[in-house]
Amino acid sequence: MTQPLMTRRHEPKRIHLNLFEMNCVSHITHGMWVHPDNTRHRFNELAFWLELAQLLEHGTFDAMFLADVTGTYDTFRDGHETAVTEGMQIPSNDPLMVIPAMAAVTARLGFAATFSTTYEPPFSFARRMSTLDHLTAGRVGWNVVTSYLPNAARNFGYSDEIEHDNRYERADEYLDVVYKLWEGSWEDDAVLADRQRRIYADPSKVHYINHAGRYYRVSGPHLCEPSPQRTPVIFQAGVSGAGRQFAGKHAEAIFIGGRSIDEVKFFIDDIRRIARAEGRDGADIKFFPGVNIIVGRDADEVAVKVRDYQRLRSVDGYLAHNRSRIDWTRYNRAERVGAIAERGDPGSAGILDQYPPDRTVGEILDSLGALSRPFSVAGTPDVVADRLGEWVDHAGVDGFNLIQHLTPGTARDVIELVIPELRRRGRYRNSYDDDGAGTTLRERLFGPGQARLKPTHPGARYRHLTHHLGA
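In what follows, the accompanying structure is described.

What counts and how
- Residues numbered from 1 in each chain as written.
- Predicted model: local features only at pLDDT ≥ 70, side-chain atom pairs only at ≥ 80, totals over all residues.
- Heavy atoms only, no water.
- Helix = DSSP H or I, 4+ residues; strand = E, 2+ residues; numbered from the N terminus.
- Rg over C-alpha atoms; globule rule 2.2 N^0.38 Å.
- Buried < 20%, exposed > 50% of the residue type's maximum accessible area, 1.4 Å probe, protein only.
- 1 Å grid on protein atoms, 1.4 Å probe; cavity = no way out; pocket = protein on both sides within 12 Å on 5 of 7 lines; lining within 4 Å.
- Points joined across faces, edges and corners; volume = space filled by probe spheres on them.
- Nonpolar A, V, L, I, M, F, W, Y, C, P; charged D, E, K, R; others polar.
- Polar contact = N/O pair within 3.5 Å; in protein donor to acceptor, adjacent residues only side chain to side chain.

1. Concerning the overall build of the chain
Logical step 1: Scanning the chain for helices and strands turns up 16 helices and 13 strands.
Logical step 2: Relative to the globule expectation of 23 Å for 471 residues, the C-alpha radius of gyration of the chain, 24 Å, shows essentially globular dimensions.
Logical step 3: Each principal axis of the C-alpha distribution contributes one length, and for the chain these read about 80 × 75 × 55 Å.
Logical step 4: Split into buried and exposed, the 471 residues of the chain put 55% on the buried side.

Spelled out as structure tokens, the structure:
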């Protein structure tokens, strides 16, 4: 008699979690800093960051993802006044500076910091990141951005922004330079630390890179010896055509966005296609949308937290962040977009490309805020876990960058209420040792023994730099 085939029960895909942060008062959920339980006003204090890092490690988060901008949002109402009044990403401090302190009080938590390729040279940045990779024992990532604020351009001597696709062209060469420094300038066995012969490193195994490109000329050698990961984990954010092309070539993890779940899925599929065309495995990229979670032990607690958010939400803060050229707060809520466009009111150029003509001002104002974004959920732990699982399974994302409404209340709620439910469902690790991964951030994302760039990554081709230079 033929025995029936045994099928293995489908194992649910595990979810990665990062905390989305910024070294400022009002990061994403504008207006909430005034909540009595919010501690964001302490962002200048070292203790603020140490406490937050220790909380995340207690919750076995993968990393803290630190955003940054190098300019002020000064488009709305033709000035910086709204942003300053709201504390909307100004004042803000350097994200790289707080990482060593947080690394000193944690052992497993990773740190991904944003840095722009547009305005600062690659040689000094490569040194800075190698230093961080050493000090954190390989727990750092770099969120590669090209900057988008006109004020940022003016801060670095430009009259206006560099054209969008040209910024990505520059970024592509920027990464070639840092890959050469990180991967090729020092051979793996260059450091001898030989006390008897008084030789710290073998100079025959430390190389100039002699990069001469369209935008950068860098001699080298790299000033740092090889760090645990050599190249930090490459994160990227941006879904324009040029951004997706760049991501498919370079990114190992992507902070993905979109106007809907289906659009995010389309972007993910497209970036994986581009990666394959670049000779990479599409599975070598992890995708993390920002997620807004309000969770409570019961429906009444959830309702109170949602009401607090709606009550404190700053419309001005969101309009400034969106760089709105039209001040919707000056209109009657019943006014329609079509009528405003037809009159040609100041700032109304192009609004029909953003909104249908029958959309009312009130509908636009009510849609501003974190809870209107695609990956948003408010509910009890089971409801939140259901939704996270659905998004992972439908959109093909690998995890989420958690956006805080309250600091540290949002992270604490997720750790105390949501993560236990995810663990019960087999969706989240019970400890950092669950999967046998090493201690580097890249191993946390891709598995044990994978601390270095994969051989198919474009940066890996510089590992034998002397061959490329003909030395």
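Now that the structure has been shown, the text picks up again.
2. Notes on empty space enclosed by the protein
Logical step 1: Enumeration according to the criterion identifies three cavities of 30 Å³ or more in this entry.
Logical step 2: For the largest cavity, the calculated volume is near 90 Å³.
Logical step 3: Lining the largest cavity are 15 residues, and of these His27, Ile28, Thr29, Arg40 and Gln404 sit closest to its centre.
Logical step 4: Partitioned by chemical class, the residues of the lining of the largest cavity number six nonpolar, seven polar and two charged.
Logical step 5: If you go around the second largest cavity, the residues you meet are Glu252, Arg280, Asp284, Phe446, Leu453, Lys454, Thr456 and His457.

3. Here's the deal with the environment of arginine 429
Logical step 1: Along the chain, arginine 429 turns up in the loop between helix 14 (409-424) and helix 15 (441-446).
Logical step 2: Residue arginine 429 is classed as buried on the basis of its relative accessible area of 6%.
Logical step 3: Spatially, the C-alpha atoms of arginine 429 and threonine 131 are 30 Å apart, while their sequence positions differ by 298 residues.
Logical step 4: Polar side-chain contacts of arginine 429 include one of 2.6 Å to the backbone oxygen of threonine 60.

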